[in-house]
Amino acid sequence: MGLPRNSQTDALAQAILSLQNADEFYAFFEDVCTIKEVLSMAQRLRVAELLSNGQSYQSVCDQTGASSATVGRVKRCLDYGSGGYQMILSRQEGE
């Protein structure tokens, strides 16, 4: 299925790619997203990290506060998604 690619999503991608540091990230995402949306994205990334490290669903739920539905969705993305989580996680490992 994938995200729709159009001029608006392309402009958003370019805006995100233009961010140069964490302060710029916080300023932009505070304006663009709700706090809950940013926290949810951060939680899903942590869930992906823990699942990639072999943690059980229950352990991930306990450590992150994520629901089993969220953990399951992230797991499906890790197994069948477009590879975005793996790309970011491998880059973070290299840092």
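Reading the values: rules and limits
- Residues numbered from 1 in each chain as written.
- Predicted model: local features only at pLDDT ≥ 70, side-chain atom pairs only at ≥ 80, totals over all residues.
- Heavy atoms only, no water.
- Helix = DSSP H or I, 4+ residues; strand = E, 2+ residues; numbered from the N terminus.
- Buried < 20%, exposed > 50% of the residue type's maximum accessible area, 1.4 Å probe, protein only.
- Contact = heavy atoms within 4.5 Å.
- Areas by Shrake-Rupley, 256 points an atom, 1.4 Å probe, with all protein chains shown as cover.
- Axes fitted to C-alpha atoms, helices over the stretch in contact; angles between N-to-C directions.
- Left-handed = near helix turned anticlockwise from the far one by under 90°.
- Nonpolar A, V, L, I, M, F, W, Y, C, P; charged D, E, K, R; others polar.
- Disulfide = S-S within 2.5 Å.
- Core = buried A, V, L, I, M, F, W, Y, C linked by side-chain atoms within 4.5 Å.

A. Spatial organisation of the overall build of the protein chain. Scanning the protein chain from N- to C-terminus turns up six helices and zero strands. In the protein chain, the succession of α and β elements from N to C terminus is α-α-α-α-α-α. When its C-alpha atoms are laid out on the principal axes, the protein chain stretches across 40 × 30 × 30 Å. Counting over 95 residues, the protein chain shows a buried share of 19%. For the protein chain, the share of sequence-separated contacts (at least 6 apart) that also reach a separation of at least 24 residues comes to 33%. Element-wise, carbon and sulfur atoms account for 54% of the exposed surface of the protein chain, whose accessible area totals about 7300 Å².

B. Main features of the packing of helix α4 (residues 57-64) against helix α5 (residues 68-80). The contact between α4 and α5 brings their axes to 9 Å, and the two run at 120 degrees. Taken as a pair, α4 and α5 cross one another with a handedness that is right-handed. Residue-level contacts link Tyr 57, Val 60 and Cys 61 of α4 to Ser 68, Val 71, Gly 72 and Lys 75 of α5. For the contact of α4 with α5, the class distribution of residues is four nonpolar, two polar and one charged.

C. Seen up close, the state of the cysteines. One pass over the full model with this rule turns up zero disulfides. Here Cys 33 is not disulfide-linked; the sulfur of Cys 77 is the nearest cysteine sulfur, at 17 Å. Cys 77 takes part in no disulfide bond, and the closest cysteine sulfur, belonging to Cys 61, lies 15 Å away.

D. Representation of the nonpolar core in the model. Within the largest apolar cluster, 12 residues are counted, these being Val 47, Ala 48, Leu 50, Leu 51, Val 60, Cys 61, Ala 66, Val 71, Val 74, Leu 78, Tyr 85 and Leu 89. Looking at this core, the elements with two or more residues in it are α3 (35-52), α4, α5 and α6 (84-94). With four residues, the single largest contributor to this core is α3. Discounting chain neighbours no more than four positions away, the residues touching Val 71 are Val 47, Leu 51, Tyr 57, Val 60, Cys 61 and Ala 66.

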